[in-house]
Amino acid sequence: MSTPNTPRPAGGTGGTRPAPPRQAPVGAQRPAGAPRPGTAPRPAAAQRPAGAPRPAGAAQGRPQQLVRPAPKAKVRKARLLISKVDPWSVLKMAFLLSVALGIVTVVASVVLWSVLDLTGIFESINGLLREIIGSETGFDLMEIASLGQVASFATIIAVVNVVLLTALSMLSAVLYNLSSTLVGGIGVTLTDD
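Residues numbered from 1 in each chain as written. Predicted model: local features only at pLDDT ≥ 70, side-chain atom pairs only at ≥ 80, totals over all residues. Heavy atoms only, no water.

**Some details on a nonpolar patch on the surface**
Where nonpolar side chains cluster on the molecular surface, the patch consists of Ile156, Val160, Leu164, Leu168, Leu171, Val174, Leu175 and Leu178 and spans about 740 Å² of accessible area. Position of leucine 168 relative to the elements: it lies in helix α5 (residues 147-183). (Patch = residues over 30% accessible without salt bridge, like charges linked within 9 Å, V, L, I, M, F, W, Y side chains within 5 Å. Areas by Shrake-Rupley, 256 points an atom, 1.4 Å probe, with all protein chains shown as cover. Salt bridge = Lys/Arg side-chain N within 4 Å of Asp/Glu carboxyl O. Helix = DSSP H or I, 4+ residues; strand = E, 2+ residues; numbered from the N terminus.)

**Here's the deal with the pattern of salt bridges**
Side-chain pairs of opposite charge can arise whenever the charged atoms involved come near each other. Applying the stated criterion across every chain yields a total of one salt bridge. A salt bridge links arginine 76 to aspartate 192; the nearest nitrogen and oxygen atoms lie 2.9 Å apart. Highlighted residues: arginine 76 in the loop between α1 (56-59) and β1 (77-82) and aspartate 192 in the segment after β2 (186-191), separated in sequence by 116 residues. A residue is classified by how much of its surface remains accessible, and aspartate 192, at 35% relative accessible area, is partly exposed. (Buried < 20%, exposed > 50% of the residue type's maximum accessible area, 1.4 Å probe, protein only.)

**Observations concerning the packing of helix α2 (residues 87-119) against α5**
Following both chains from N to C, one finds α2 and α5 inclined at 160 degrees, their axes separated by 8 Å at the closest point. On the basis of the axis angle, α2 is roughly antiparallel to α5. Pair α2 / α5 crosses with right-handed handedness. Grouping the constituent residues of the contact of α2 with α5 by class yields 20 nonpolar, nine polar and no charged. (Axes fitted to C-alpha atoms, helices over the stretch in contact; angles between N-to-C directions. Parallel < 35°, antiparallel > 145°, perpendicular 65-115°, else oblique. Left-handed = near helix turned anticlockwise from the far one by under 90°. Nonpolar A, V, L, I, M, F, W, Y, C, P; charged D, E, K, R; others polar.)

**Re the environment of asparagine 126**
Positionally, asparagine 126 belongs in helix α3 (residues 121-133). Exposure remark for asparagine 126: the relative accessible area of 1% places this residue in the buried category. Considering only alpha carbons, one finds asparagine 126 and aspartate 140, 14 residues apart in sequence, at a separation of 6.1 Å.

**Examining the side chain of serine 169**
Assignment of secondary structure puts serine 169 in helix α5. In this structure, serine 169 is in contact with Val90 and Ala94, ignoring residues within four places of it in sequence. (Contact = heavy atoms within 4.5 Å.)

**Considering α3**
Since there are 3.6 residues in each turn of an α-helix, residues three or four apart along the chain are aligned in direction. When the terminal C-alpha atoms of α3 are compared, their 18 Å separation across 13 residues agrees well with the 18 Å that a helix rising 1.5 Å per residue should span. Count one or two residues on from α3 and you reach glycine 134, which has phi positive near 135 degrees. (Expected span 1.5 Å × (residues − 1).)

Take a look at the structure:
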């Protein structure tokens, strides 16, 4: 039986185990000229003489770059062909866009009629027609082109446009699909920004 102060044999050779190096307490100060523990002293060749010029990076006050910046990526290009268009999706989009165009047509015609009425254009045209035709005729432009008649006429035109534009876009999608089987489709080149 051994005591804590007696050395134990290591691996059966009978040698003693070296004691681990003692570390200074955390708050202890080291002497001014003593090297830090765990660091090797700088070799004498690495020290710069007093009159020797500084390296290029150190002369400007910048550390030398250890990592080179990545080169700019090349612009990627992809050439694609639109070989087929789905007629159902074209039908839906054309219907929605033609409905929006029909609403714009009705609203624009009502606004235009209101502006013409407020500026007195209708009265000026009535006076001009009375002078040309004669004062005995009771011609009134407001009877022919009243606001209700203009709005109903614009609504009829908008509905006809919805039907025609939807049918024409569907027909154009089918014709494009037929022609792309022969030619190959429209070529599109896509690039990175």
